[in-house]
Amino acid sequence: MKLVIIGGVAGGATAAARARRLDEKAQIVIFERGEYVSFANCGLPYYVGQVIKERAELLVSTPETFKGKYNIDVRVQTEALAIDRQAKRVRVRELQSGREFDEPYDKLILSPGAEPLRPPLPGLDLPGVFSLRSIPDSDRIKAVVDAGQAKTAVVIGGGFIGLEMADNLVERGLKVTLVEALDQLMPPLDREMAALAHQNARAKGVDLRLSTKITGFAQAQGGGLTVDTEGGGQITCDMAILSVGVRPENALAKAAGLELGPRGHILVNNALQTNDPDIYAVGDAVQIWDYVTGLPVAIALAGPANRQGRIAADNAMGRLSVYRGSLGTAVVKLFGQTIASTGPSQKFLAQNNVAHLVSYSHSANHATYYPGAETMLVKLIFAPGSGRVLGGQIVGGEGVDKRIDVLATAIRAGMSVFDLEELDLAYAPPFGSARDPINVAGMVAANIMRGDVKAVLPPAVAAMDPERDVLIDLRFKEELDEAATIPGSLHIPLPMLRAALPGLDKSKRYILYCAIGLRGYLGYRIMSQSGFEAVNLGGGYGLYTPWMS
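Now for a description of the structure that goes with this document. Note that the structure is predicted; figures quoted are calculated from it, not measured.

Rules used throughout
- Residues numbered from 1 in each chain as written.
- Predicted model: local features only at pLDDT ≥ 70, side-chain atom pairs only at ≥ 80, totals over all residues.
- Heavy atoms only, no water.
- Helix = DSSP H or I, 4+ residues; strand = E, 2+ residues; numbered from the N terminus.
- Rg over C-alpha atoms; globule rule 2.2 N^0.38 Å.
- Contact = heavy atoms within 4.5 Å.
- Areas by Shrake-Rupley, 256 points an atom, 1.4 Å probe, with all protein chains shown as cover.
- Lys, Arg positive; Asp, Glu negative; His and termini not counted.
- Charge placed at Lys NZ, Arg CZ, Asp CG, Glu CD.
- Core = buried A, V, L, I, M, F, W, Y, C linked by side-chain atoms within 4.5 Å.
- Buried < 20%, exposed > 50% of the residue type's maximum accessible area, 1.4 Å probe, protein only.
- Salt bridge = Lys/Arg side-chain N within 4 Å of Asp/Glu carboxyl O.
- Phe/Tyr/Trp six-rings, centres within 6.5 Å; stacked < 30°, edge-to-face > 60°.

Examining the overall build of the protein
So, point 1. Counting its regular elements, the protein contains 17 helices and 33 strands.
So, point 2. In terms of overall size, the protein behaves like a compact globule, its C-alpha atoms giving a radius of gyration of 27 Å where 549 residues would be expected to give roughly 24 Å.
So, point 3. Sequence separation of 24 or more characterises 63% of the internal contacts of the protein that already satisfy a separation of 6 or more.
So, point 4. Here the protein displays about 23800 Å² of accessible surface, and carbon together with sulfur accounts for 51% of that area.
So, point 5. Taking the average place of the 56 positive charges on the side chains of the protein and the average place of its 58 negative ones, the gap between the two points comes to 2 Å.

Structure (C-alpha cells):
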C-alpha cells in the first residue's frame, strides 16, 4: 500500500500520522510545496506581535521528526504538477533543482489549502504591501515592525487573520486603520454581535472603516503608502496588510477532472472521497456541509481540517469512517475582547429559510463578588417547537471560550434549551457562578419557548407605533446619570412599577427595558399578570445601543 499526500500543515500532516498508526508497513509520502511541512499558521499574527517569542515555536513538525517518529517520507519544496488518474501517478517537481519525476500511488489525499485573495489592484506589488499565509510572510512583516520602520498600518479585511493582525500591531504600538468592505467585522457573526466588537475596536483607538472598498495603493510623497478607497478617499500609512479572504487551491484537482463546487472547492462525500474513489481531499480546499442544516459550506479553519485529515486517512487505509459536517466553531481575541461562535448564524438560517428563534442574555464569567468578573453577551439560536440548539455566539472577556465549547458540544449532542437550563457545570467563585452563563442562556430561551415572556428586538423600537406603544425604562436614576436612555421613554424604576400600574393605560402596549434584560423580564411578568400588554426588549439597553449604531 502506497499513500501519497499532497500538502502538509493541519490536514495533510494529520492524515499522514494517522495513516502510519493504522498501517506500519505502508509507504507514505508527503509532498509540500513550501519550506515547512507542518507549522502553526494560526500563530503567525502572534509571532509578529511578539506574543510568540521564538520563530522555532511555530514549527509543529519537521521532515526529520516525521521520519524519526513515523517513518514518513516528507519532501518539502516539492510541487505536485499534475495527477494522472488512469495511471495513478503524480507528476512532481523539486523546486530547488528543477528535476521532475512521476510518483505512483495506490491512494492519494489532497490537502492543498487555500491561498490569500489578491484582487487586481494598482500598486499591489509595492514594497510595504503584505499578505500573511506562511512563515516567510510573517518574517517580512515582523522585520519591518522590529526595525521601527512602521508607525502606522492599514489592515484590509475583517476576518480572523485581519483581526488578529490588527490586534497584534496595536500591541506593538502601531496606529492601525482597519478597513472592511462589508458593514461588519467577522462575517460569520450576526451583525448585532459584531457591533460589540466595533464599539470595542473604536474605544481602543482603532480607526475602523466599514463599508469601505480599497481601489489601489501608491507610493506616498516622502515615503510610505497611500491606500485609495472607493469614492476618492485616501489613507496614508507605513505598511498595509491585505487579508480579504482566501480561495481554494484547486488547480491540480481541476486539471485532473475532479468535481468542484460553485465556488471552486473540491467536492467530497462523507468519506471525504472525491469523484475518483482513490483520491480524497481535506482542509480549506474542500466543500463540506453544515452539521446542523446539511447545507453546503466551506470552512477554512484548522480544527475541521485536522479532523478531516484523520477521517480521510482512515478511509484511505481501509477503515470505514464518516465525516458528519462542521459547526465552524471559532474564537478570536480582539483588543482585550473575546468573540466566539458555533453553528449556523441567524442570517445563514434566514437566508436558507430555516425556522429558528433567538434569545440574548448577559452574564458574568464568574461570581460577581469575586474580583475581576467580566460580562458576556450570549446569543442562542434554537428551533421552534423542540427548542433544539442550532447555534450560538458570545462576546465578552474571560470565559467566553469555555462557554462556546459547551454550546458546540450541546449542538453535537442534539440538546435543547431545556437541557441547557439543567446542565451541571463546574462552579467555584474564581471560575463560574451557581447559574452558569450557559444555564442562564438556556433559561432565557426556555422562557420564550414556554410563553413566559414575549420579547422584541431593537429594530422593533424603530418601528413602534407612537399612538399605541410606550417605552418604559426600568433602570435606576443613578444608571441613567451614567448612560443614555431611549428617547421618549417613561422612567419607572422596577421597584416602583407595581405602584405605578394604576396610572398606566391598558389600551397601550408597553415595551420594557433595563440594562441587560433581566429587569425587563421581571417587569413583563408583573404587567402581563396585571392585565397589561407588554413585551421585553431582548438584551436590554446593552444590546440596543450597539445594534442601533
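What to know about the nonpolar core
So, point 1. The biggest cluster of nonpolar side chains holds 126 residues, and the ones touching the most others in it are Phe66, Leu108, Ile109, Leu110, Leu169, Met239 and Leu380.
So, point 2. Excluding residues within four positions of it along the chain, Leu169 makes contact with Val48, Val145, Ala153, Val155, Leu174, Val176 and Ile241.
So, point 3. In terms of nonpolar packing, the next biggest core, distinct from the first, is built from 16 residues, Val453, Ile472, Tyr510 and Leu512 among them.

Overview of the pattern of salt bridges
So, point 1. Counted under the stated rule, the structure contains 34 salt bridges.
So, point 2. Between Arg85 and Asp276 there is a salt bridge, with its nearest N and O atoms 2.8 Å apart. Taken together, the positions of Arg85 in the loop between strand E6 (78–84) and strand E7 (89–94) and Asp276 in the loop between strand E20 (266–267) and strand E21 (279–281) put the pair 191 residues apart, joining distant regions of the chain.
So, point 3. Arg85 sits in the partly exposed class, given a relative accessible area of 29%.
So, point 4. Relative accessible area serves as the criterion here: at 7%, Asp276 is assigned to the buried category.
So, point 5. Linking Glu192 and Lys379 is a salt bridge whose minimum nitrogen-to-oxygen distance equals 2.5 Å. Taken as a pair, Glu192 in helix H6 (residues 191–203) and Lys379 in strand E27 (residues 375–382) lie far apart in primary sequence, 187 residues in all. Summarising the burial analysis for this pair, Glu192 and Lys379 share the class buried.
So, point 6. Each of Lys2, Asp73, Arg75 and Glu103 takes part in a single network of salt bridges with overlapping partners.

Quick notes on the packing of aromatic side chains
So, point 1. For the structure shown, the criterion picks out seven aromatic pairs.
So, point 2. For the pair Phe66 and Tyr70, a centre-to-centre distance of 5.8 Å together with 45 degrees between the ring planes defines the contact as tilted. One end of the pair is Phe66 and the other is Tyr70, both in helix H3 (residues 63–70) and four residues apart, which spans about a single turn.
So, point 3. Between Trp289 and Tyr323, the ring centres sit 5.9 Å apart and the planes meet at 70 degrees, which makes this aromatic pair edge-to-face. Within this pair, whereas Trp289 is found in strand E22 (residues 286–289), its partner Tyr323 is found in the loop between helix H8 (302–316) and strand E24 (330–334), the two being separated by 34 residues in sequence.
So, point 4. In this structure Tyr323 comes out as buried when scored by relative accessible area, which is 5%.
So, point 5. Here the aromatic cluster, defined as three or more aromatic residues joined through ring pairs, consists of Tyr513, Tyr541 and Tyr544.

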